[in-house]
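# Tertiary structure, described
What follows is the residue order along each chain.
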Amino acid sequence: MMQPIFHPVLVIGGGLAGLRAAIEAKKYCDAAVLSMVYPVRSHSCAAQGGINAPLGNAPEGIDDSWEKHAYDTVKGSDFLADQDAVEILTKEAAERVYEMEHWGTPFSRTPEGRIAQRPFGGAGFPRTCYAEDTTGHALLHTINEQAIKNNIKVYSERFVLSLVVRDKKIIGVIALNRLTGKLEAYAAHSVVLATGGAGRIYAETTNSLIMSGYGISLAFRAGVALKDMEFMQFHPTSLYRTNILLTEGSRGEGAYLLNSKGERFMQRYAPVAMELAPRDIVARAIATEILEGRGVNNAYVHLDLRHLGEKKINERLPGVRELCLSFIGLDPVKELIPVQPAQHYTMGGIDCNINGETEITGLYAVGECACVSVHGANRLGGNSLLETLVFGKRVGEFAAAFALQESKKSAMDEGILDLIEQEYKKVNEKIKGKEGKEKIASIRSDLGKLMVKKVGIFRQEDQLREALDEISALSEMFEHVYVSRGTIYNLELLHAFDLEAMLALAEVIAKGALFRKESRGSHYRTDYPERDDEHFLKHTIARCTPDGVKIEYRDVVMTKFKPEKRVY
Amino acid sequence: MPENTINLKIFRFDPENAGLDTHYQTYTVKTEPGMTVLEALFDILDNQDGTLAFRYSCRWGICGSCAVSLNGKCRLACNTQVSDYSDTLTIEPLPGLDIIKDIVVDLEPFFENYRKIKPYLVPKGTPDKENIQMQEDVNLIEPHVKCILCAICEASCPVSWTSREKYIGPMALTKVYRFNRDTRDSGGKERLEIVGDETGVWRCRTIFRCTEYCPKKIPITEAIQFLKRRYFTD
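What counts and what doesn't
- Residues numbered from 1 in each chain as written.
- Chains lettered and ligands numbered in written order.
- Predicted model: local features only at pLDDT ≥ 70, side-chain atom pairs only at ≥ 80, totals over all residues.
- Helix = DSSP H or I, 4+ residues; strand = E, 2+ residues; numbered from the N terminus.
- Rg over C-alpha atoms; globule rule 2.2 N^0.38 Å.
- Contact = placed C-beta atoms within 7 Å.
- Pairing = 2+ DSSP bridges.
- Axes fitted to C-alpha atoms, helices over the stretch in contact; angles between N-to-C directions.
- Domains from an automatic or database assignment.
- Nonpolar A, V, L, I, M, F, W, Y, C, P; charged D, E, K, R; others polar.
- pLDDT = per-residue confidence, 0-100.
- Buried ≥ 20, exposed ≤ 12 C-beta atoms within 10 Å, placed from the backbone.
- Parallel < 35°, antiparallel > 145°, perpendicular 65-115°, else oblique.
- Left-handed = near helix turned anticlockwise from the far one by under 90°.

## Remarks on the overall build of chain A
Helices and strands together make up the secondary structure of chain A, namely 17 helices and 23 strands. Taking 24 Å as the expected radius of gyration for a compact globule of 568 residues, we find that chain A reaches 23 Å, a close match to that expectation. For chain A, the spread of C-alpha atoms along the three principal axes comes to 70 × 55 × 50 Å. Across chain A, every contact between residues at least 6 apart in sequence was considered, and the portion connecting residues at least 24 apart equals 75%.

Below, the structure is given as structure tokens:
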């Protein structure tokens, strides 16, 4: 009989949320991390602009408070965020940011030597702490350093293919070791999913190439509901064509958005906040300009940094300059940058409560793959890095507490070992390659394009119905896909698993969007342009059933703030 | 050959199906303006040969995944333009490391070097709020904090190629510099001890290839020289 590798707490995902959870859990018991890449390669490193906390370090934000941060977050979410969760997020924000500073994050500084803060969308004054314009990189490396300090065992380049569940309780996972090509079985009392978002479902996305949403689909297949998946954030400013992110920090530092006539068109959409309105509003404004013929070459608008001057650009936004120079060969000190909106963040995710607990006992979710929900219908820039740390710590603690409680009971019984072995054998059959005529890349590309076109920034009933039909046709094609044999670093095999997940999640996104007959935050229905609190001030709960995806609704948790009209 | 194509001559090694056989395989890719080497690799994977293996993640030079050898020089595939090359571009694994498949190498020895030097801040104390640190102090470790652990410095260093087990390598030494010069750190002496012998700073022969190829433009050799001086003055 095979012997699975046992850790009381097993974290899937080596980004900020996963590592923070593991570090916290390790205070109480052994904890290990399974990551599909080396942890520093995780998508967290791609975050640029910063992390929100009401530190009050900038003169304009001196009387900032967690309550104000909470209000901005809830208003930004178009009142769909659960306010108890937002309270936790904002109350703990300062402490988590200080902790990262104590651990060595090289934050940019104020003239007094305090952590520097810049304005971001939806706040109106500087609340976003930053390390130049590579804040995610700075934080991820710091947390990775702490994981090393705390001797956390990291199994890198492991792709988790299956969750093993018995009687609605997690008992382990089966993972493919990409380097040896061998399947590995792991047993655990607590499993924390921290696998990130699903941006690659969209052909135009700022997300890393690895963000297929596989972890979300693992939970979905295992019977956990998904929440609010139709809420996809489109970032206003991605580099034209490659969709590489250009931070909101550039607008925070004062950059303008210009249409083909050279107008600062945000005047028409958010006369007060202008370029610093929340992302959903700015993304729609850009898309509208392009649709109405005021885009440059009918494809993009311009981001103008020129008036900031070379010195400020070099000090605050050196990464933006470097990106422009390397990828489109232009210098933003002198030239306009072509930008277009692109999928950026998965607001929805695995349905869990404020402790990260899911419907499966012992299975937790945290970070972008989870939906607590603190972002609701639209996330504020700077709140996702914060979520990974606040909830990473919290979920690590709860996962460890559960593991400790379980370990007091009897040791692993034979039944668990049997079940893990069965699942191992089942998964082993799935990694043997496939003879078929369909090509993974072409299905993936078709899916990505249709999601941009029909389940994108603007949505309407007939297009969403078409999208669902097309997704279902692509899923049918996927049954006949070709996958080469071999398991050692077989990208085609991995992409096949990714695509399976993407197709499943695409259906959930499109169905959620079809059923939500209102416009709220990032979800904009041209046929229902108003928010409808009477019917839809509710979370979408999607469930995987033998008859397909079933949609239910659940009330939003409201504590302090009553819904109001969202004006910027 | 047509102007808008390039030949990619790629090192191939498949441990599962071909034993120890290695060879080069040439693919012709249609180029587009702005196309990166990583995009060209994906073009091959998606349209010509699904068995090709390479690493990737962010595709804009921040995650450090895609370092490879391009015409003998180590670079990130994602921020190198195909148009920098004409006719044939030879793509090989990073030198000096064991090969897992095709151009994917075993980075475990590289990360082992990293772990050796206590790569984390040893705090002087824990203030209630943040440590006060002046921007000039942050600038001391800028751009060293921008290291993406891509392994290009180590893979470009002839000393690392020839005496891997005897040299901790330029990345680990840069990390020592990064922490030792952080005004919030108090672990400097201990780290200097770790790298103060002939497997550490003294094995650097100031060849400057690490500095030349670092995609984040970190003055690595200069940092190592700084540590050498510190070893005597601290």
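Anyway, onward from the coordinates.
## Here we look at the sheet that holds strand S1 (residues 5–13) of chain B
Residues and elements named next belong to chain B. Here five strands make up an open sheet; going across it, the order is S2-S1-S5-S3-S4 and the pairing mixed. The strands lining the two open edges of the sheet, one partner per strand, are strand S2 (22–30) and strand S4 (73–76). Strand after strand, the sheet turns through a mean of 35 degrees between neighbouring axes, direction not considered. By the bridge criterion, nine bridges tie S1 to S2 in an arrangement that is antiparallel.

## A short note on the domain arrangement of chain B
Residue and element names in this part refer to chain B. For chain B, the domain assignment lists domain 1 (5–105) and domain 2 (108–233). Facing 14 residues of domain 1, the contacting portion of domain 2 comprises 13 residues. Top element by residues in the side of domain 1 that touches domain 2 is S4. It accounts for four residues. Considering only residue class, the side of domain 1 that touches domain 2 consists of eight nonpolar, four polar and two charged.

## A word on the sheet that holds strand S16 (residues 337–346) of chain A
Residues and elements named next belong to chain A. With antiparallel pairing, the four strands of this open sheet are ordered in space as S13-S16-S15-S14. Each having just a single partner strand, strand S13 (232–239) and strand S14 (256–258) make up the two edges of the open sheet. Between one strand axis and the next, the sheet turns by 45 degrees as a mean value, whatever way the strands run. With three bridges connecting them, S14 and strand S15 (residues 301–304) associate as antiparallel partners. Note on S15: the bridge partner recorded for tyrosine 256 is aspartate 304.

## So, the interface of chain B and chain A
Contacts between the two partners involve 44 residues from chain B and, on the opposite side, 41 residues from chain A. Breaking the side of chain B that touches chain A down by element, the ones donating at least two residues are helix H1 (37–47), strand S6 (99–101) and helix H3 (135–140) of chain B. The element that contributes the greatest number of residues to the side of chain B that touches chain A is H1(B), accounting for three residues. Of the residues that constitute the side of chain B that touches chain A, the class distribution is 20 nonpolar, 14 polar and ten charged.

## Some thoughts on the confidence of the model for chain B
Scored by pLDDT, chain B has a mean of 96; 99% of the residues are at 70 or more. Reported confidence for the predicted complex is 0.97 by ipTM and 0.97 by pTM.

## Considering H1(B)
An α-helical turn contains 3.6 residues, so a residue and the one three or four places further along point in the same direction. All of the buried residues along H1(B) are Val37(B), Leu38(B), Ala40(B), Leu41(B), Phe42(B) and Leu45(B). The secondary structure elements touched by the buried residues of H1(B) are helix H16 (491–515) of chain A together with S1, S2 and strand S3 (67–70) of chain B.

## Here's the deal with the packing of helix H14 (residues 440–454) of chain A against H16(A)
All names here are of chain A. Contact geometry for H14 and H16: axes closest at 10 Å, N-to-C directions at 30 degrees. With respect to H16, the axis of H14 lies roughly parallel. The way H14 lies across H16 gives a crossing that is left-handed. Every residue of H16 that contacts H14 at Ile440, Ile443, Arg444, Leu447 and Met451 is listed here: Glu492, His495, Ala496, Leu499, Met502, Leu503 and Ala506. Across the contact of H14 with H16, the residue classes break down as nine nonpolar, one polar and two charged.

## What about the domain arrangement of chain A?
Residue and element names in this part refer to chain A. Domain parsing of chain A yields domain 1 (48–135), domain 2 (236–341) and domain 3 (432–545). One C-alpha centre belongs to domain 1, the other to domain 3; they are set 33 Å apart. Contact residues are listed per partner, giving four residues for domain 1 and four residues for domain 3. Partitioning the side of domain 1 that touches domain 3 into residue classes produces two nonpolar, one polar and one charged.

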